Amino acid sequence: MAIINSPLGVGGKQSYKFSSSSVDYYLANGISHLKEIVDPGSAIIITDENVFNAHTKRFKNWKTIVLKAGEEHKIQATVDKLIEQLIEMGADRRSVLVGVGGGVITDITGYTASVYMRGIRFGFIPTTILSMVDASIGGKNGIDVGLYKNMVGVIRQPSFILHDMVFVNSLPQHEWENGFAEIIKHACIKDAAMFRQLEANSLKNYQSRKTLLCALIQRNAILKTKLVQKDEFESGDRKLLNFGHTLGHAIENMYALPHGHAVAIGMVAACRISEQLCGFKQTDSVLALLSKYRLPVYIEFDKAKAFDILQKDKKKVNTAMSYVLLEKIGRGVIKSIPIKELESIINEL
Ligand SMILES: NC(=O)c1ccc[n+]([C@@H]2O[C@H](COP(=O)([O-])OP(=O)(O)OC[C@H]3O[C@@H](n4cnc5c(N)ncnc54)[C@H](O)[C@@H]3O)[C@@H](O)[C@H]2O)c1
Ligand SMILES: [Zn+2]
């Protein structure tokens, strides 16, 4: 078993081992503990303007670089500028970059730290639900190139991940929805008990009860961690995390949908395909849960165009495509579907 330290509690640290390093998780701590984890003299915080403006006082006494917010800035030009700033600030091999923000910031921070001086240490304080349960975990760090998302990057683990629930106080409603789409994804592929817990609660409940939210976030962060530990370089089980994302990515780009909305619609489509290929019988429960968390379950979309984009998807292997399906809630499986069959199934959706 890869867990090294004591069980996670308030103030607790838990370490998770990956192939070449171990990551310290402080999921019940708070940003005030950052100075116990990294020396403020060697740390440089990277954040974005939204996070900085909403939480300025938390950055007091820390060297901080504030980037423009948004996916459109997750590009090499931002990294180049950031590297110039690091040089100006005298960052050296002992420096530690700390990404405080959503997935855009954690991706940029991890990537920049991995190439600066051939690699310096970095850590994350994710501030969106999505980055807490998904983007900050697993060591994938990268940037977009033109239309191609995450085209360039590295797999390298952060030294630590710290959560502070104070950040979600300023999170816009639609970012909650994006995050919960990934949480529902985790429940569908791996955790039937969590699916039931989500059914019994509501977004409002989680927003108003921090301990409930904190426990849910920890459960999801650890669920993803364990999947990645088993398959860091995505040859098997890690692919389950693509549930809802294959068709999801296609329609996200076609209709400029929020990521969570596209994934929700993609998950419903994957449930329908699972009915045909895996005897899955719980689509209605998935539909109901997504709706409960204000996520859409269907849009009219151009099937031919979506299929065309799917075919160009990097998960395509020769004449078949691997697709994440459900046998039942809590049990995701990876199936190879012949391209022709997939085309006709998508046409019928
Ligand atoms: N590396 C991975 O394994 C992985 C996995 C999933 C997603 N991602 C990447 O993550 C990104 C999406 O993550 P995201 O949704 O967190 O995006 P994001 O970083 O763009 O954050 C979403 C928005 O919320 C704002 N924000 C962040 N924290 C806030 C807070 N506490 N209060 C108020 N506003 C806040 C941001 O400024 C931004 O406008 C994508 O680029 C995606 O490719 C990476
Ligand atoms: Zn996603």
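Because the structure is predicted, anything quoted here is derived from the model rather than measured.

J.: Give a description of the pattern of salt bridges that names residues and reports values.
T.: A complete count under the given rule lists 16 salt bridges for this structure. Glutamate 234 is the salt-bridge partner of lysine 140, the closest N and O atoms lying 2.6 Å from each other. A residue pair is termed long-range when its members are at least 10 positions apart, and lysine 140 in strand S7 (residues 140–145) and glutamate 234 in the loop between helix H9 (210–230) and helix H10 (245–255) qualify at 94 residues. Each of the salt bridges in this network shares a partner with another, and the network as a whole consists of Glu71, Lys74, Asp107, Asp144 and Lys149.

J.: Let's hear about the sheet that holds strand S9 (residues 160–162): which residues, and what values?
T.: Read across the open sheet, the seven strands follow the order S1-S2-S9-S6-S5-S3-S4; overall the sheet is mixed. Single-partner strands in this sheet number two, and they are strand S1 (14–17) and strand S4 (64–67). Each strand axis lies, on average, 20° off the axis of its neighbour in the sheet, ignoring direction. Pairing analysis gives five bridges linking strand S3 (residues 43–48) to strand S5 (residues 96–101), with the strands arranged parallel.

J.: Could you give an account of the packing of aromatic side chains, naming the residues involved and the relevant values?
T.: Summed over all chains, the structure comprises five aromatic pairs. Considering the side-chain rings of tyrosine 16 and tyrosine 25, the 4.6 Å spacing of their centres and the 55° angle between planes classify their relative orientation as tilted. For tyrosine 16, a relative accessible area of 1% puts it in the buried group. For tyrosine 25, a relative accessible area of 1% translates into the label buried. Summarising the aromatic geometry, the rings of phenylalanine 52 and phenylalanine 59 are spaced 5.2 Å apart at their centres and angled 45° between planes, so their arrangement reads as tilted. A residue is classified by how much of its surface remains accessible, and phenylalanine 59, at 3% relative accessible area, is buried. Taken together, Phe180, Tyr206 and Tyr293 form an aromatic cluster joined through their ring pairs. When the ring centre of phenylalanine 301 is taken as origin, the NZ or CZ atom of lysine 303, which lies over that ring, is 5.4 Å away.

J.: Could you give an account of helix H12 (residues 283–292), with specific residues and numbers?
T.: Residues of H12 that are buried include every one of Thr283, Val286, Leu287, Leu289 and Leu290, and no others. Down the axis, H12 shows its buried residues gathered within 165° of arc, on one side only. Residues of H12 that are buried in the fold lie against helix H6 (173–190), helix H7 (192–200) and helix H11 (259–278). Directly after H12, the chain includes arginine 294, whose backbone phi takes a positive value near 60°.

J.: Before we move on, can you summarise the packing of helix H3 (residues 76–88) against helix H4 (residues 103–115) with the specific residues and values?
T.: Interaxial distance between H3 and H4 falls to 10 Å at its minimum, and their mutual angle equals 60°. It follows that H3 is oblique to H4 by the angle criterion. Pair H3 / H4 crosses with right-handed handedness. Residue-level inspection shows Gln76, Thr78, Val79, Leu82, Ile83 and Leu86 of H3 in contact with H4, the latter providing Ile108, Tyr111, Thr112 and Val115. Taken together, the residues that form the contact of H3 with H4 break down as seven nonpolar, three polar and no charged.

Reading the values: the criteria
Residues numbered from 1 in each chain as written. Chains lettered and ligands numbered in written order. Predicted model: local features only at pLDDT ≥ 70, side-chain atom pairs only at ≥ 80, totals over all residues. Heavy atoms only, no water. Salt bridge = Lys/Arg side-chain N within 4 Å of Asp/Glu carboxyl O. Helix = DSSP H or I, 4+ residues; strand = E, 2+ residues; numbered from the N terminus. Pairing = 2+ DSSP bridges. Axes fitted to C-alpha atoms, helices over the stretch in contact; angles between N-to-C directions. Phe/Tyr/Trp six-rings, centres within 6.5 Å; stacked < 30°, edge-to-face > 60°. Buried < 20%, exposed > 50% of the residue type's maximum accessible area, 1.4 Å probe, protein only. Lys NZ or Arg CZ within 6 Å of the ring centre and 35° of its normal. Arc of directions from axis to C-beta. Contact = heavy atoms within 4.5 Å. Parallel < 35°, antiparallel > 145°, perpendicular 65-115°, else oblique. Left-handed = near helix turned anticlockwise from the far one by under 90°. Nonpolar A, V, L, I, M, F, W, Y, C, P; charged D, E, K, R; others polar.

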